[in-house]
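In case you want the letters, here they are:
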Amino acid sequence: MELRKATMADFDQIMTILRDGANQLAESGVNQWQGEYPSPDQIKEDIKQGWAFLAMSDDQETVGAISIVSAPDHDYDNLDGHWLNPSDRYVVIHRVAIHSNHAGKGYATKLLSAVIDGIKRNRPDIDSIRIDTHEDNLAMQHLIDKMGFKRVGSLHGVYRQDETSYVYELVK
């Protein structure tokens, strides 16, 4: 698995992957990404900031998308919980999606492994990695747990009113 930094030329492809991800969630009965999030403006900002990446398989096929957001991430300002490492030396994984054409092949695990390994190897300035997911997204919760993250709290109404997300942290 290789990560390639996205450019504005990749915008439509990223939006297609994220819309497909929203459809997969809806088909699974998960009410995540069913509103305005993630918005086109958010993805444009991710690209502009250098936070958006495409996930490339070993045969160089685009299989997914992810954003790796630099601190501070104000989505977490109202965390109901406690950080394992309360420093401001963190990154946040957001907007993770593997296109349904590539589902069931272990790409989500490979993607998160590549991100975590890359941060551990190349980012001595980072103390921890944070991520969150919808309370009903059991598949993502399982993946996050499997990757070694610890649940540190929850967010309420950050992405949509009356929506709860579970928040996790992995200390390097």
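Please read these numbers as outputs of a predicted model, since none were measured by experiment. (Residues numbered from 1 in each chain as written. Predicted model: local features only at pLDDT ≥ 70, side-chain atom pairs only at ≥ 80, totals over all residues. Heavy atoms only, no water.)

**Observations concerning the overall build of the protein chain**
Definition in use: Strands are runs of DSSP state E lasting at least two residues, helices are runs of H or I lasting at least four, and both sets are numbered from the N terminus onward. Using C-alpha atoms as the atom set, the radius of gyration is obtained and then compared with a globule rule of 2.2 Å times the number of residues to the power 0.38. Partly exposed residues are those whose accessible area sits between 20% and 50% of the maximum for their type, while under 20% is buried and over 50% is exposed, using a 1.4 Å probe and protein chains only. The contact rule is simple, with two residues in contact once any of their heavy atoms fall within 4.5 Å. Methods summary: accessible areas were calculated by the Shrake-Rupley approach with a probe of 1.4 Å, and residue burial reflects only the protein chains presented. For the charge count, each Lys or Arg is scored as positive and each Asp or Glu as negative, with His and the chain ends excluded. By convention, the charge on Lys lies at NZ, on Arg at CZ, on Asp at CG and on Glu at CD.
The helix and strand tally for the protein chain stands at four helices and eight strands. The order of helices and strands in the protein chain, counted from the N terminus, is β-α-α-β-β-β-β-α-β-α-β-β. In terms of overall dimensions, the protein chain is globule-like: its C-alpha atoms have a radius of gyration of 15 Å, near the 16 Å expected for 172 residues. Each principal axis of the C-alpha distribution contributes one length, and for the protein chain these read about 40 × 35 × 30 Å. Considering the protein chain as a whole, with its 172 residues, one finds that 49% of them fall into the buried category. Taking all contacts inside the protein chain whose residues are at least 6 apart in sequence as the whole, residues at least 24 apart take part in 69%. Summing over all exposed atoms, the protein chain offers an accessible surface of approximately 8700 Å²; the carbon and sulfur share of this is 45%. Within the protein chain, the 27 negative side-chain charges are centred at a point lying 6 Å from the centre of the 18 positive side-chain charges.

**Structural notes on the pairing of strand 6 (residues 128-134)**
For the record, the criterion: By convention, a crossover is right-handed whenever its connection, traced from the first strand over the helix to the second and viewed with the strands pointing away, goes clockwise. Note: two strands are recorded as paired if DSSP finds a minimum of 2 bridges between them.
For strand 6, the buried fraction is high: seven of the seven residues fall into the buried class. Where the polypeptide runs from strand 5 (residues 90-98) across helix 3 (residues 107-122) and back to strand 6, its parallel neighbour, the crossover connection is right-handed. Looking at chain direction, strand 6 and strand 8 (residues 164-171) are connected through seven bridges and run antiparallel. Considered in strand 8, the bridge of Arg-130 is made with Glu-169.

**Notes on the pattern of salt bridges**
As a reminder, the rule being used: Only one rule defines a salt bridge in this text: a Lys or Arg side-chain nitrogen within 4 Å of an Asp or Glu carboxyl oxygen.
Under the definition given, this model contains six salt bridges. Here Asp-46 ties to Arg-95 by a salt bridge, and the two come within 2.6 Å at their closest N and O atoms. Taken as a pair, Asp-46 in helix 2 (residues 40-49) and Arg-95 in strand 5 lie far apart in primary sequence, 49 residues in all. Comparing Asp-46 with Arg-95, the two get one shared label, buried. The partner of Glu-169 in a salt bridge is Arg-130, with the nearest N and O atoms 3.5 Å apart. One end of the pair, Glu-169, is in strand 8; the other, Arg-130, is in strand 6, and 39 residues separate them in sequence. Here Glu-169 falls in the buried class, since its relative accessible area comes to 0%.

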